[in-house]
Amino acid sequence: MLAPSRTAASRQAVGAAAAIGYIFLWASAFVPSRILARGAPPLTILSLRFLVAGGLLLAGARAARLAIPRDAQSWIQIFLLGVGGNALYLGLNYEALRRMSAGMGSIIASTNPLIMAIVAPFALREPLTPRKILGLLLGFGGVLIAMLARTGTQEARLSDVLLSFAGVAAFVASNILYKRMRLRPHPVVLNGGQLFSAGVALVPAALLFEGVPHIEWTAPIVVSLLYLVVVLSVGASMLWFWILHHGEASRVSAYFFLTPVFGLLIGAALLGERLVWLDALGLVVIAVGLWLVTGS
């Protein structure tokens, strides 16, 4: 029988590994997302991804006999969560990723705790402490450094950066709505429902802006879509539910500063995106800013 201290240390190690693994998966999404955004109609492929992933999760929830809401109010809230947290968030980011680098996309996405810290005093009545203010200044300063490193290229045009930030703002709005929900379905049902709702919401937008879908199913497109559906939308969600169930959610915040690090390194390794010395400086500044904002 393991000693209590050894058992606790083992649990902490597993919790830390799960949190870092989740953040790695989350950051890795920007590489296949960039491939899809440049190789297929972005809204169409996003809608397909959400419909398949949401359908799989809802089918699993039904098979597990989890309670699925039947009232209109619950589904309106789930639909709004899907529109903000997936359809707008990723729809705007996919449009930006048609030109912006995957690494820069992961950097901007990592600022969602910073944006949340700005709106939390008004939306959730959470105080904006001096520590958080300093973290905000550093975090957004680090983003500016990363943009400066890409001056004169198509990797971080101001219009694409603003588009990506608008997507993150929609994601933050979705999180606020989630926190205000009094009655929440089982996490699997909630995630499946909001993903499927996002897919439904994107269908008319895809037809309006992209017309009748035409996708060339090349190997990179198929592999990227499968990765995002199976590994991200389903696998990472299940990992998140495990983290919540075991009370390790705070660890995700503790290691959140690794998101832009993973994003830049994966983009460089798989897509050949360039890294410069200003990236290291920007990452350090962002990491400190995120630590100040998300730390206790």
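As the structure is a computational prediction, the values presented were derived from the model and not from experiment.

Attention now moves to the overall build of the chain. Regarding its fold elements, the chain presents 13 helices and 0 strands. Along the chain, helices (α) and strands (β) appear in the sequence α-α-α-α-α-α-α-α-α-α-α-α-α when read from the amino end. Here the chain has a C-alpha radius of gyration of 19 Å; the compact-globule value for 296 residues is 19 Å, and the two agree. Principal-axis analysis of the C-alpha atoms gives the chain an extent of 55 × 45 × 45 Å. Here the contacts in the chain between residues at least 6 apart in sequence split such that 89% fall between residues at least 24 apart. Accessible surface computed for the chain: about 14400 Å², of which carbon and sulfur atoms make up 69%. If the 21 positive side-chain charges of the chain are averaged to one point and the 10 negative ones to another, these points end up 11 Å apart.

As a further point, take the nonpolar core. In this structure, Tyr-89, Tyr-94 and Met-104 are the most contacted members of the largest nonpolar core, which totals 73 residues. Counting residues per element, this core draws most heavily on helix α10 (residues 219-245), which supplies 9 residues.

Before going further, it helps to examine a nonpolar patch on the surface. There is a patch of nonpolar side chains on the surface, built from Leu-48, Val-52, Leu-56, Trp-217, Val-222, Leu-226 and Val-230 and spanning about 600 Å² of accessible area. Elements with a contribution of two residues or more to the nonpolar patch: α3 (42-63) and α10. Within the secondary structure, Val-222 is located in helix α10. Taking the relative accessible area as the measure of exposure, Val-222 reaches 31% and is therefore partly exposed.

Moving on, we get to the confidence of the model for the chain. Mean pLDDT over the chain stands at 86; residues scoring 70 or higher make up 93%. Per-element confidence in the chain ranges from a low mean pLDDT of 62 for helix α11 (residues 249-254) to a high of 94 for α3.

This next bit is on the pattern of salt bridges. If you walk through the whole model with that rule in mind, you get 8 salt bridges. Where Arg-99 meets Asp-160, a salt bridge forms, and the shortest distance between an N and an O atom there is 2.8 Å. Pair noted here: Arg-99 is in the loop between α4 (72-97) and α5 (102-109) and Asp-160 is in helix α8 (residues 158-180), with a separation of 61 residues, a long-range link. In this structure Arg-99 comes out as partly exposed when scored by relative accessible area, which is 25%. Measuring nitrogen to oxygen at the nearest pair gives 3.5 Å for the salt bridge that ties Glu-155 to Arg-150. The residues Glu-155 and Arg-150 share a single accessibility class, namely buried. Ionic contacts of the salt-bridge type, sharing partners, join the residues Glu-95, Arg-98, Arg-99, Arg-157 and Asp-160 into one network.

Right, let's talk about α8 for a bit. With 23 residues, α8 should cover 33 Å at 1.5 Å per step; its first-to-last C-alpha distance of 33 Å lies within 8% of that length. Taken together, the buried positions of α8 are Asp-160, Val-161, Ser-164, Phe-165, Gly-167, Val-168, Ala-170, Phe-171, Val-172, Ser-174 and Ile-176. Looking at the packing, one finds that the buried side of α8 touches α4, α5, α6 (112-123) and α7 (130-148).

This brings us to α7. Counted at 1.5 Å a residue, the expected span for α7 with its 19 residues is 27 Å, and the 27 Å between its end C-alpha atoms agrees. Of all the positions in α7, only Gly-135, Leu-136, Gly-139, Gly-142, Val-143, Ile-145, Ala-146 and Met-147 are classed as buried. The inward-facing, buried residues of α7 contact α5, α6, α8 and α13 (277-294).

Enumeration according to the criterion identifies 4 aromatic pairs in this entry. When the ring of Trp-26 is compared with that of Phe-30, the centres are 6.3 Å apart and the planes differ by 80°; the resulting orientation is edge-to-face. Centroid distance Tyr-89 to Phe-171: 4.8 Å. Interplanar angle 40°. Geometry classified as tilted. With Tyr-89 in helix α4 and Phe-171 in helix α8, this pair connects stretches of sequence that are 82 residues apart. Taken as a pair, Tyr-89 and Phe-171 share a single burial class, namely buried. Lying over the aromatic face of Trp-291, Arg-131 brings its terminal NZ or CZ to 4.7 Å of the ring centre. Lying over the aromatic face of Tyr-178, Arg-184 brings its terminal NZ or CZ to 4.1 Å of the ring centre.

Parameters and conventions
Residues numbered from 1 in each chain as written. Predicted model: local features only at pLDDT ≥ 70, side-chain atom pairs only at ≥ 80, totals over all residues. Heavy atoms only, no water. Helix = DSSP H or I, 4+ residues; strand = E, 2+ residues; numbered from the N terminus. Rg over C-alpha atoms; globule rule 2.2 N^0.38 Å. Contact = heavy atoms within 4.5 Å. Areas by Shrake-Rupley, 256 points an atom, 1.4 Å probe, with all protein chains shown as cover. Lys, Arg positive; Asp, Glu negative; His and termini not counted. Charge placed at Lys NZ, Arg CZ, Asp CG, Glu CD. Core = buried A, V, L, I, M, F, W, Y, C linked by side-chain atoms within 4.5 Å. Buried < 20%, exposed > 50% of the residue type's maximum accessible area, 1.4 Å probe, protein only. Patch = residues over 30% accessible without salt bridge, like charges linked within 9 Å, V, L, I, M, F, W, Y side chains within 5 Å. Salt bridge = Lys/Arg side-chain N within 4 Å of Asp/Glu carboxyl O. pLDDT = per-residue confidence, 0-100. Expected span 1.5 Å × (residues − 1). Phe/Tyr/Trp six-rings, centres within 6.5 Å; stacked < 30°, edge-to-face > 60°. Lys NZ or Arg CZ within 6 Å of the ring centre and 35° of its normal.

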